[in-house]
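# Examining the three-dimensional arrangement
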Amino acid sequence: MDKHLGVSLKLIETTNSYKIINEYFVNLYKDNVNPFKLIRRVNIGFGNVISEEYRTFNLFDDESQQKKEKQLQEEIDRLNDLLLPEHRDVLRLQKQISS
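Quick look at the structure, then. (Residues numbered from 1 in each chain as written. Predicted model: local features only at pLDDT ≥ 70, side-chain atom pairs only at ≥ 80, totals over all residues. Heavy atoms only, no water.)

### Some points on the pattern of salt bridges
Heads up, the rule is: Whenever Lys or Arg places a side-chain nitrogen within 4 Å of a carboxyl oxygen from Asp or Glu, that contact is recorded as a salt bridge. Each helix is a run of H or I in the DSSP string that is no shorter than four residues. Each strand is a run of E no shorter than two, and both are numbered from the N terminus. Each residue gets one of three labels from its accessible area relative to the maximum for its type: buried under 20%, exposed over 50%, partly exposed in between, using a 1.4 Å probe on protein chains only.
All told, the structure shown has one salt bridge when counted by the stated rule. Arginine 78 is paired through a salt bridge with glutamate 75; the nearest N and O atoms lie 2.7 Å apart. Note that arginine 78 and glutamate 75 are positioned in helix H2 (residues 63-82) at a spacing of three residues, about one turn of the helix. Owing to a relative accessible area of 43%, arginine 78 belongs among the partly exposed residues under this scheme. Given a relative accessible area of 35%, glutamate 75 falls into the partly exposed group.

Below is the structure:
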């Protein structure tokens, strides 16, 4: 019986961007998971979460791109709320695979 992998990662930037967080997750997954072994469970947790109202900006942030991404995520969340719970999981998996 294999031991649990037990890897973690601390983001080097503060973000609420799905695109950035997903990129970190996918890289962590690819760097640590053996593609020839079955996966029984994946746990994801977030710590040191701060409210968006305390967000800071820098010169390199593309404000219009961030606004578009936020609107897209809100629309995806709205559509997910309309779906039955069992379909939400399938949609999330398809989204991960297509990324």
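### Digging into H2
This is how the line gets drawn: Expected helix span is computed as 1.5 Å times (number of residues minus one). Here the arc refers to the directions that run from the helix axis out to each C-beta atom.
For H2, with 20 residues, the first-to-last C-alpha span of 29 Å sits near the 28 Å given by 1.5 Å per residue. Of the residues making up H2, those classed as buried are Glu69, Gln73 and Asn80. Buried residues of H2, viewed axially, fall in a sector of 35°; they line one side. Projecting away from the buried face of H2 at angles above 90 degrees are the exposed residues Lys67, Lys68, Asp81 and Leu82.

### Notes on a nonpolar patch on the surface
To keep things clear, this is the line we draw: The patches reported here contain residues having more than 30% relative accessible area and no salt bridge. Joining distances are 9 Å for like charges and 5 Å for nonpolar side chains (Val, Leu, Ile, Met, Phe, Trp, Tyr). Only the protein chains shown count as covering a residue, and every accessible area follows the Shrake-Rupley method with a 1.4 Å probe.
Together, Tyr29, Ile39, Val42, Ile44, Phe46 and Val49 give the surface a local cluster of nonpolar side chains, amounting to about 630 Å² of exposed area. Within the fold, valine 49 resides in the loop between helix H1 (18-32) and H2.

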